[in-house]
Amino acid sequence: MIKKLKLSDKNVDFLKKIEELSGEVITRCDQCGICSASCPMVSEMDITPSQLMRMVQLGESEVMESKAMWLCASCFTCTVRCPRGLDLSKVAEALRQVELRQAIDHIDVKKLSKDEMKRLPQIALISGMRKFTG
Amino acid sequence: MKVSYYPGCTLKTKARNFETSALAVAEKLGIELIELSRWNCCGTVFSLTDDDLIHHVAPIRNLIRVQEMNKNGLVENDHRLVTLCSMCYNTLKRANIRVKEKPDDLKKINDFMYLEEDYKGNVEVIHFLELIKDIGFEKIKENVTNPFKGLKIAPYYGCMLLRPKEVGIDDPEEPVIQEELIFALGAEVIDNPYKKVCCGSYQTIRDKQVVSNLAYDILTHAQNAGAEAISLSCPLCAFNLDSRQKEIKEKHSDFTRIPVFYFTQLMAIGFGLNEDYYGFDLNYVNPEPLLKEKNLIGRNNAK
Amino acid sequence: MPNKEETSSDKKLDSKEIMDRIAEASRQVVSGVEDEEVENWVTIYIMGRAYEVPADLTILTAMEYAGYKFVRGVGCRQGFCGACSTVYRKKGEYKLQTGMACQTRVEDEMYLVQIPFVPAEKPSYDLTEHEYDVNVLFEYYPELARCVSCNTCTKACPQDLEVMDYVQAAIKGDFKGLAEESFDCIQCGLCAIRCPSEIVQYNIAQLGRRLYGRYDSPEPEHLKKRLEEIEEGKFDKEMKEITKLSREELERMYAERKREED
Ligand code: FES
């Protein structure tokens, strides 16, 4: 029996937006879970990468409240393993950008301790600020 | 052989030992790495959103410099750009691929940088390890005067050398390039299943505990497999795997520190180059006791 | 002739009248010539309002000619203090240009606005508490890490400095490059106001120059020697004699002093 899902306009808009930003055809994901099994950060996440993909497929903007997208380290392990050729790192980036582009920073480097600021190499600050500030 | 060389910011400061050792090793191999006469930070991470071009301006600007190097005769008709840092490698290479695949993007970026000459898309970004592979590991072997007899080294790749596939310098699941190098230096290669697992990268400024947990797994797996040292190619991996051993030790008192080397430091030792090129003062875990124990330093400080 | 309204409004007659009167009063003072003697006129738009002004004025004097009075946002009038930043666009052009009002000549169909002040983070620090290290720059100005190398700062700089290059030098911890390339900065703030990464280039450069000065630039030998001589009292006797001299004697001494040729 085939059950047809009908998304509300609002949900379609959200899905479209993420597809546009990421350049990925998110509806192609068939939830095999290889991304979740491969993700080095999955144990720290509240939802797994495949759950994240599912929520975006359904246009559920509640996904924006999840920690998962912020924990993605863009390691591209899921990218090289996805049997559907999807790039989840781009989806996570798109989600982060939805927030960052409204000038909402995800981190405040000024709150790092003096000791951290002394130790951190430029490469850490530059990459971190690119990923977490808008 | 003269090749254009892109150091990246951190190689001028906290990872100076990476650059110093690499330049010395390259010279020994007859490669002259000519630093771009003008360069800017590549941004360290490749921007992943489809509509974003501004973050590709930085890498492309550096590729224009390679054209200039050729024009000014600093290199002779050689459009390769050699990088040492894995993140710079990945960012520069992916930006290069993007503008080659999307001429419209290239045009927009060129128009935006109207004060620069146009980027023509003819630069090839390579990693120093690829250059070494081209020269051949036989040649490496020939240069070894101080073989690492019996030292057990686990190579660590992390992400940026291997993924995604189109930029990987080796098979993304079964890389061997560092293994071959370490073997050529006379050391014992330790296989670590965690060699391709991410160190947590930029998460280090967001949540250092998450990163030290990952680093702990990576390092202890290597140790359990018998490794006495780690070899890698990225200043951010180095920070997370070496410097974050401070945090690991605070959490796991039974953890034993393990030295982390840039692969070029290992080469400098193996080639018996002057100890000034090693730059161990910048390593968090001091590798000298281990190297002394193995009789690899403190013997001959010549050449 | 002046004060041609771009969009006519009759409700503000009062203030217009006042403005006209101020403009009238400042006219000769500013341009030094009678209107009748002016051969070339140009139309400029100050905050959207059209004024006809003599073509050979600077933006600053043209604005004064038009009736504006500067209480702040002006200083040396010589292009050194950096107080009189201007942003303008010429009709039909997409380029947003910048300049110092006291140094830039008005051009026909110039739409302009003054930027008398740029809000910019300027933390205080004690140089003696810091190491000579790139991380000091990031500690006070972490936004430095956000540079995208777009070069907008360089394009905005009225001093023609390679601003992006000195920002990049800062990121690389190249204090010498930072200090030398930023040396002629007059802190007008135009780079910072244009920066998409919200970097305050000139304050970072100042911190960099201070650190470079303290830790790296060679101590001038002649200065050291002279300070020693002063301490040892080498000039005490001469000084005492000079302070006893009359005004006339001092003036004569000054006129006859030994000096290098001009
Ligand atoms: S008034 Fe000082 S620079 Fe113009």
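Scroll up to find the structure.
First things first, this report covers the structure right here in the doc.

The rules behind each value
Residues numbered from 1 in each chain as written. Chains lettered and ligands numbered in written order. Predicted model: local features only at pLDDT ≥ 70, side-chain atom pairs only at ≥ 80, totals over all residues. Heavy atoms only, no water. Helix = DSSP H or I, 4+ residues; strand = E, 2+ residues; numbered from the N terminus. Rg over C-alpha atoms; globule rule 2.2 N^0.38 Å. Buried < 20%, exposed > 50% of the residue type's maximum accessible area, 1.4 Å probe, protein only. Patch = residues over 30% accessible without salt bridge, like charges linked within 9 Å, V, L, I, M, F, W, Y side chains within 5 Å. Areas by Shrake-Rupley, 256 points an atom, 1.4 Å probe, with all protein chains shown as cover. Salt bridge = Lys/Arg side-chain N within 4 Å of Asp/Glu carboxyl O. Phe/Tyr/Trp six-rings, centres within 6.5 Å; stacked < 30°, edge-to-face > 60°. Lys NZ or Arg CZ within 6 Å of the ring centre and 35° of its normal. Contact = heavy atoms within 4.5 Å. Buried area = accessible area lost by both parts, 1.4 Å probe. Polar contact = N/O pair within 3.5 Å; in protein donor to acceptor, adjacent residues only side chain to side chain. Nonpolar A, V, L, I, M, F, W, Y, C, P; charged D, E, K, R; others polar.

Points about the overall build of chain B
Reasoning step 1: The number of helices and strands found in chain B is 13 helices and 8 strands.
Reasoning step 2: The globule rule puts the C-alpha radius of gyration for 303 residues at 19 Å, and the 19 Å found for chain B is close to it.
Reasoning step 3: Here the C-alpha coordinates of chain B stretch approximately 60 × 45 × 30 Å along the principal axes.
Reasoning step 4: A total of 303 residues make up chain B; the buried ones form 63% of that total.

A look at a nonpolar patch on the surface
Reasoning step 1: On the surface, Tyr114 and Leu115 of chain B together with Tyr94 of chain C cluster together to form a nonpolar patch covering roughly 380 Å² of accessible area.
Reasoning step 2: Mapped onto the fold, Tyr94 of chain C is located in the loop between β3 (85-90) and β4 (97-100).
Reasoning step 3: Given a relative accessible area of 63%, Tyr94 of chain C falls into the exposed group.

Overview of the packing of aromatic side chains
Reasoning step 1: All told, the structure shown has 15 aromatic pairs over all chains when counted by the stated rule.
Reasoning step 2: Ring geometry for Phe261 of chain B and Phe280 of chain B: centres 6.1 Å apart, planes at 75°, overall edge-to-face. With Phe261 of chain B in strand β8 (residues 260-262) and Phe280 of chain B in the loop between α12 (263-270) and α13 (288-293), this residue pair connects regions lying 19 residues apart in the sequence.
Reasoning step 3: Centroid distance Trp41 of chain C to Tyr65 of chain C: 6.1 Å. Interplanar angle 55°. Geometry classified as tilted. With Trp41 of chain C in strand β1 (residues 41-46) and Tyr65 of chain C in helix α2 (residues 59-65), this pair connects stretches of sequence that are 24 residues apart.
Reasoning step 4: A connected cluster of aromatic rings, assembled from ring pairs, spans Phe18, Phe128, Tyr262 and Phe263 of chain B.
Reasoning step 5: In this structure, Lys155 of chain C packs its charged tip against the face of Phe112 of chain B, placed 5.1 Å from the ring centre.

Re the pattern of salt bridges
Reasoning step 1: In the structure shown here, the tally under the stated rule is 44 salt bridges over all chains.
Reasoning step 2: Note that Arg84 of chain A and Asp30 of chain A form a salt bridge whose closest N and O atoms lie 3.2 Å from each other. Of this pair, Arg84 of chain A sits in the loop between α5 (77-81) and α6 (88-100) while Asp30 of chain A sits in the loop between α1 (9-22) and α2 (34-38); the two residues are 54 residues apart in sequence, bridging distant segments of the chain.
Reasoning step 3: Given the relative accessible area of 33%, Arg84 of chain A is considered partly exposed.
Reasoning step 4: Using a relative accessible area of 47% as the deciding quantity, one classes Asp30 of chain A as partly exposed.
Reasoning step 5: With a closest N to O distance of 3.7 Å, Lys208 of chain B and Glu116 of chain A form a salt bridge. Remark: Glu116 of chain A occurs in helix α7 (residues 114-119) and Lys208 of chain B occurs in helix α9 (residues 208-224); the pair is interchain, linking two chains.
Reasoning step 6: When its relative accessible area of 32% is taken as the criterion, Lys208 of chain B is described as partly exposed.
Reasoning step 7: Residue classification places Glu116 of chain A among the buried positions, given a relative accessible area of 3%.
Reasoning step 8: Here the residues in one salt-bridge network are Glu116 and Arg119 of chain A together with Lys208, Arg244 and Glu247 of chain B, joined through shared partners.

A word on the interface of chain B and chain A
How big an interface is tends to be reported as the loss of accessible area on association of its parts.
Reasoning step 1: Each partner contributes residues to the interface: chain B has 48 residues there, and chain A has 47 residues.
Reasoning step 2: Buried surface at the junction of chain B and chain A, both sides included, amounts to about 3900 Å², of which 61% is carbon and sulfur.
Reasoning step 3: A per-residue breakdown of the area chain B buries against chain A is headed by Leu48, Tyr202 and Ile205 of chain B, which together make up 21% of the total.
Reasoning step 4: Scanning the region where chain B abuts chain A turns up 6 salt bridges.
Reasoning step 5: Across the contact surface, chain B and chain A share 22 residue pairs in polar contact (both at pLDDT 80 or more).
Reasoning step 6: When residues of the side of chain B that touches chain A are traced back to their parent elements, those giving at least two are α3 (86-101), α8 (203-206), α9, α10 (235-243) and α11 (245-251) of chain B.
Reasoning step 7: Across the side of chain B that touches chain A, the residue classes break down as 21 nonpolar, 13 polar and 14 charged.

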